[in-house]
Amino acid sequence: MTTKRKAAKSSKSSPKRKTPARSARTAFAMATNSEKTPKQRIAAMSEVPLAVCENDENLQAILNVLRNEAEPVPVRLAALQSLQAASFSVISFQPCRADYIATLRKIATDPDPEIRQRALGILARDKDGFAQKKLIQGLQNPDQALLPPEKALQLLSNDVHAEAYAIAREMVKNPPNEIAKQEALRLLAADAESAPIFEKHLRDKEETREVREISAAALQSINPQKMHAEARKIVLDKSDHDDIQATSLTALATTSDDTEAAFIDEELFKEVERLRSKGSANVKKSARRFLSKFGR
Amino acid sequence: MNVELEINNSASADARFVSWAPSPCRIRMTNPAGAPGPQVNVTLTCVSASASAGLVVFRRNPTGAFSSSITLPVPVSGATVPFFVAGRFGRPSVNNNDVKIEARAGTTLIGGIKLMVRIRKDANSLTAAERDRFVNAFAKLNNQGAGRFVDFRNMHTLVSSPQAHGAPGFLPWHRAYLLDLERELQAIDPSVALPYWRFDKPAPRLFTRDFMGVSNAVGRVQFTAGHPFIFWTTDGVQGINRIPLNNWAPTTQAAPGARTEAATLALGAQFSGFRTMEGNPHGTAHTVWDGSISDIPTAAKDPLFFLLHCNVDRLWAKWQRQNARFNPAQAGSFSGSGSNPIGHNLPDTMWPWNGITGGSRPPTAPGGALAGSPCVNAPGAQPMVRDTFDFQGSVSAGSRLGFDYDDVALA
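Residues numbered from 1 in each chain as written. Chains lettered and ligands numbered in written order. Predicted model: local features only at pLDDT ≥ 70, side-chain atom pairs only at ≥ 80, totals over all residues.

### Describing the overall build of chain B
The criterion, for reference: A run of H or I in DSSP becomes a helix once it reaches four residues, and a run of E becomes a strand once it reaches two; helices and strands are each numbered from the N terminus. For this measure, only C-alpha atoms enter the radius of gyration; the expected value for a globule follows 2.2 Å times N^0.38, where N is the number of residues. Residues with at least 20 neighbouring C-beta atoms inside 10 Å of their own are called buried, those with 12 or fewer are called exposed, and the rest are partly exposed, where every C-beta is derived from the backbone. Each residue gets a C-beta atom placed from its backbone, and two residues are in contact if those atoms lie within 7 Å.
For chain B, the helix and strand inventory stands at seven helices and 15 strands. Computed over C-alpha atoms, the radius of gyration of chain B comes to 22 Å, within 12% of the 22 Å expected from 2.2 N^0.38 for 411 residues, which places it in the range of a compact globule. Counting only residues that meet the buried cut, chain B has 55% of its 411 residues in that class. Excluding contacts between residues fewer than 6 apart, the proportion of contacts in chain B whose partners are at least 24 apart in sequence is 70%.

### Let's talk about the overall build of chain A
When its secondary structure is counted, chain A shows 19 helices and zero strands. Against the 2.2 N^0.38 benchmark of 19 Å for 296 residues, chain A shows a C-alpha radius of gyration of 27 Å, more extended than a compact globule. Taking all 296 residues of chain A together, the buried fraction comes to 47%. For chain A, restricting intrachain contacts to residue pairs at least 6 apart in sequence, the fraction spanning at least 24 positions comes to 57%.

### Description of the pairing of strand 4 (residues 39–48) of chain B
All names here are of chain B. Applicable threshold: Strands qualify as paired when DSSP identifies two bridges or more between them.
Both strand 4 and strand 6 (residues 69–75) contribute to a ladder of seven bridges, which runs antiparallel. In the sheet register, Thr 45 faces strand 6, and the bridge partner there is Ser 69. One ladder, built from six bridges, connects strand 4 with strand 8 (residues 99–105); its direction is antiparallel. Residue pairing across strands places Thr 45 opposite Glu 102, the latter belonging to strand 8.

### Focus: the interface of chain A and chain B
Accessible area lost during the coming together of the parts is what is often quoted as the interface size. Which entries qualify depends on this criterion: Amino acid classes used here: Ala, Val, Leu, Ile, Met, Phe, Trp, Tyr, Cys and Pro are nonpolar; Asp, Glu, Lys and Arg are charged; the rest, including Gly, are polar.
With 55 residues of chain A at the contact, the number on the chain B side is 48 residues. When grouped by side-chain class, the residues that make up the side of chain A that touches chain B number 22 nonpolar, 20 polar and 13 charged.

### Quick notes on helix 5 (residues 56–67) of chain A
Residue and element names in this part refer to chain A. The condition is simple: Here the expected length of a helix is defined as 1.5 Å per residue gap, with one fewer gap than residues. The directions from the helix axis to the C-beta atoms are what the arc is built from.
The first and last C-alpha atoms of helix 5 sit 16 Å apart over twelve residues, in line with the 16 Å expected at 1.5 Å per residue. Taken together, the buried positions of helix 5 are occupied by Asn 58, Leu 59, Ile 62, Leu 63, Val 65 and Leu 66. All buried residues of helix 5 lie within an arc of 155° about the axis, which places them on one face of the element. The exposed residues of helix 5 that point more than 90 degrees off its buried face are Asp 56 and Glu 57.

### Focus on the sheet that holds strand 4 of chain B
Pairing between the strands of a sheet comes from backbone hydrogen bonds, and it takes one of two forms, parallel or antiparallel. All names here are of chain B. Across the sheet, five strands lie side by side as 2-9-8-4-6; this open sheet has mixed pairing. The strands lining the two open edges of the sheet, one partner per strand, are strand 2 (17–18) and strand 6. For strand 8 and strand 9 (residues 108–117), the ladder comprises seven bridges, and the chain directions are antiparallel. Looking at the pairing, Ala 105 lines up with Thr 108 of strand 9.

### Here's the deal with the packing of helix 6 (residues 73–87) of chain A against helix 6 (residues 279–287) of chain B
Counted only if it meets this: Axes here refer to lines fitted to C-alpha atoms; in helices the fit is confined to the stretch in contact. Angles between the N-to-C directions go from 0 to 180 degrees. Each crossing gets its handedness from the near helix: less than a right angle anticlockwise from the far helix is left-handed, clockwise is right-handed.
Between helix 6 of chain A and helix 6 of chain B, the least distance of the axes is 8 Å, while the angle of their chain directions is 115°. Here helix 6 of chain A and helix 6 of chain B pass one another in a crossing that is right-handed. Residues Gln 81, Gln 84, Ala 85 and Ala 86 of chain A of helix 6 of chain A form the contact with helix 6 of chain B, whose participating residues are Gly 279, Asn 280, Gly 283, Thr 284, His 286 and Thr 287 of chain B. A per-class count over the contact of helix 6 of chain A with helix 6 of chain B returns two nonpolar, eight polar and no charged.

### Thoughts on the domain arrangement of chain B
Residue and element names in this part refer to chain B. The condition that has to hold: Residue ranges for the domains trace back to a domain assignment, done automatically or taken from a database.
For chain B, the domain assignment lists domain 1 (2–117) and domain 2 (123–399). With 13 residues of domain 1 at the interface, the matching set in domain 2 holds ten residues. Residue classes in the side of domain 1 that touches domain 2 are distributed as seven nonpolar, five polar and one charged.

### Brief notes about the confidence of the model for chain B
Keep this limit in mind: Looking at any residue, its pLDDT shows the predictor's confidence there, from 0 to 100.
Looking at chain B, pLDDT values average 96 and 100% of them are 70 or higher. The ipTM value of the predicted complex is 0.87, and its pTM value is 0.93.

### Structural notes on helix 15 (residues 209–222) of chain A
Residues that lie three or four places apart on an α-helix share one face, since the helix turns once every 3.6 residues. Between its first and last C-alpha, helix 15 of chain A extends 20 Å over 14 residues, near the 20 Å set by a 1.5 Å rise per residue. Three or more residues of helix 15 of chain A are buried, namely Val 211, Arg 212, Glu 213, Ile 214, Ser 215, Ala 216, Ala 217, Ala 218, Leu 219, Gln 220, Ser 221 and Ile 222 of chain A. As for helix 15 of chain A, its buried residues are in contact with helix 13 (178–187), helix 14 (195–203), helix 16 (224–236) and helix 17 (242–253) of chain A together with strand 12 (233–234) and strand 13 (237–238) of chain B.

### Some thoughts on unusual backbone geometry
Residue and element names in this part refer to chain B. Residues Asn 280 and Pro 281 are joined by a peptide bond in cis, for which omega reads 20°. Mapped onto the elements of the fold, Pro 281 is located in helix 6. Omega for the bond connecting Ala 378 with Pro 379 falls within 30 degrees of zero, at 0°, which places this linkage in the cis form. Checked against the element boundaries, Pro 379 lands in the segment after helix 7 (304–323). For Asn 8, which is not glycine, the phi dihedral falls at a positive 55°. Among the secondary structure elements, Asn 8 is positioned in the loop between strand 1 (2–7) and strand 2. For Asn 8, a count of 23 C-beta atoms within 10 Å corresponds to the buried category.

### Describing the environment of Leu 141 of chain B
Residue and element names in this part refer to chain B. Of note, Leu 141 is situated in helix 1 (residues 128–142). In this structure, the C-alpha to C-alpha distance between Leu 141 and Leu 126, residues 15 residues apart in sequence, is 20 Å. Not counting residues within four places of it along the chain, the set of residues in contact with Leu 141 comprises Gly 147, Arg 148, Phe 149, Glu 184, Leu 185 and Ile 188.

### Topic: the sheet that holds strand 5 (residues 56–59) of chain B
Residues and elements named next belong to chain B. The four strands lie next to each other as 1-3-7-5, forming an open sheet whose pairing is antiparallel. Only two strands of the sheet have a single partner each, and these edge strands are strand 1 and strand 5. Averaged over all neighbouring strand pairs, the angle between strand axes comes to 35°, with direction disregarded. Across five bridges, the pairing between strand 3 (residues 23–31) and strand 7 (residues 81–87) is antiparallel. For Cys 25, the partnering residue across the bridge sits in strand 7 and is Phe 83.

### Observations regarding the environment of His 344 of chain B
Residues and elements named next belong to chain B. Following the sequence through the fold, His 344 ends up in the segment after helix 7. A count of 26 C-beta atoms within 10 Å places His 344 in the buried class. For the pair His 344 and Thr 63, spaced 281 residues apart in the sequence, the C-alpha separation amounts to 32 Å. What His 344 contacts, discounting residues up to four positions off in sequence, is Ala 167, Pro 168, Gly 169 and Val 385.

Following this line, the structure appears as C-alpha cells:
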C-alpha cells in the first residue's frame, strides 16, 4: 500500500516531460512497426527525422521500410520524406548519406512509379551520374524508360550535359506530347546553338502560350538583343495574343542592363501607353511596369 | 520658421524606414524666423495616409514608454535634438511613405517627413501592390539568371551546407542569409520586406498564378501571363520545379505533418530543445513538396525557399521574445558554443560573408560581404553568429538589424 502511494506522489510531483528526442524515439518505434496501421505509421514518420541518424540501427530500419516492396507505398513514401527531412541536418546526416544514396539508386527501378520518380528526383538534384545515365537511356530507348519523357527531361535539367541537348532537340522536333516539348525547350535554354529554335517558336502565333513564353525566356538568356527585337515586334503587332504581349513587355521591363535600349522608341512607348489603358488586365499590368521603368 | 527631421539619424531618403524597434531620429531648426525665444517647443504627431496605413509612436529617451505625440524643445541655434520613433505594433505600412510625421509650433506646421513602417508580413496577407513590388524586385535580382541572385543560390549547396545546417548555427546563419537577400531587394525597391510563408496554415493567396504560382501535372510552376517569374532562371535553366506531394492542397491545407507554431514554440525554453525545429517544422516544410525546394543542393533555386525560411526565422524571433533570449551570452539562448563545428559557435564569423575558403570552409565564398543598410549599422559586413541574436536592439541598441515581424512585438 505504502509503495503504491509513494509511486503516485512521485508521479504527481515530477511528471516526465517529453523532450523532442524522446518524442522522436517514440515516433520511430511506431513508424517502423509493421503491426501499426499505415495511417499511424505515416503520422509518426513526421517526427522521425531527429532519430534517423542517432545510430546505424535506426537508419537501417528506416531504409528497410523504404526498400521493402512489400510495405505499403504510402508508408514507404513517408519514410523517404523523413529521410529527406533528416538530410537537411547535414552534419548529423553525413554518416548516413552513403547508405541513403545507395538505397535511392536501388529504388530508382522500383515497380512503383511514384517511388521511382521521387528517388530519381532526389538523385538528379544531387547531380548523381547513375540517375542521369538511367534518365538518358530511357529517353533514347523508351522501353527502358523509368519515367515519362517530360519528367526525365525536367530532372536532367538539374545538371545539363551536352548529351542531353541532342535528345532535347529531337524531342522538340518530334515531341511525344506537348509537355515533353516544353520541358525539352527549357532544357535547351542554356544552349546558345538553340537560339534559332527559340526564335522560330517565339514568332509562331500558332504555338501555345507556354512554348512561346519558354522561348522568350530562353532567347532573353541566350541572345537578349534578339529577344528585345522580337519583343518589340510582338508588342507593336496588334494581332498577336495578349498573353505573349504581356510577357514581352515583362522581358523588356525586368532586364537590368541596357540591351533593350536600342529597341525602345517613341513608337513603342505610344503603343505601350495605349495598352496601359486598353489592354487586358495582364497586359495593362505589364505595360505599367514597363512604363514605370522609364519614368513614364 | 522651419525644422528638418531625420530618420535613423540620416538625411537620406533611403533611411526613412522604421520597424517596431525604436529608430534614433533628430530634429533641428533650419529657419528660426518668428521664433519667440532661444528655443521653440515643437510637437511631433503622426499622420497616417489611411486606416490601413502605418502609424508611428515617439519617445524622447532610449528607454521608456512610447506616446502618440511628443513635444521637444528645439533650439533656434540649429543644434539637433534627438528622439526615437518606432512603428506602432499592429500598424505596419502598406506603401512607401504612407506615414507622415508632422512638426508644429503651436498650431503652425513647420516641418514634416514621410516614412514607412517596413515590416515582414505573412505572404498570404499582402495587398496586391505589396505582392507585386516584392515579385518585381525579386525578379530583378534574378535578372533571368544573370543577376546578383546567382550568389544567393550558390550560398546554399550541398558543399556549403555544413556551414548552415545540422548544428546550432542553423538559425543564425539563415537569419543572416535572409537579411543579406532582403537588403539586396531593398536596394532595388526600398519598400520591400521579405514576406513569410506560414506553412502551418492554408495559404490561398500565396499559391496562385499571380504570386508563387501553381504547379502543372509534372511539377512545373505556372504563372499568369507577364508575371516576372516566368523568366526566373537558375543554373542556366528557366523555370521553377515544385509540386505538392500526396495531393496536398496548400491553398486549403497546412503543410501535412509540419509542427504547428504553438508546438514549435513549446519545444522548450532552452535553445538546445528549440533548435530541433530544424527537423520539424523546417525539414517537413521543405519535403512536403517534390521539386527543387525538397533537397538541400537545389532548395534555394525556388523563390519560395526564402519565404519558408522567413517563417522559420519568425518562429525563432517569436521564441526569443517568449523566453527573453536576445542576449547570446545568456544561458539558454544558444547551445554548445565552443564545442560546435566551425561556423556554429558564437564568436565564429559566418561563411560566405567572412570570405574564408578552404580547410573546414567551402572552396569558394560567393557574394562577398553581407549587404549594408542605410538604416542600421548591424550586423556588419562579416557577422559573427552572436551578431544575429539581438535583432531588435533590446540588449544593445546598436545591435538592431532593421527588420521585424508583423506578429512579434517589441520586447
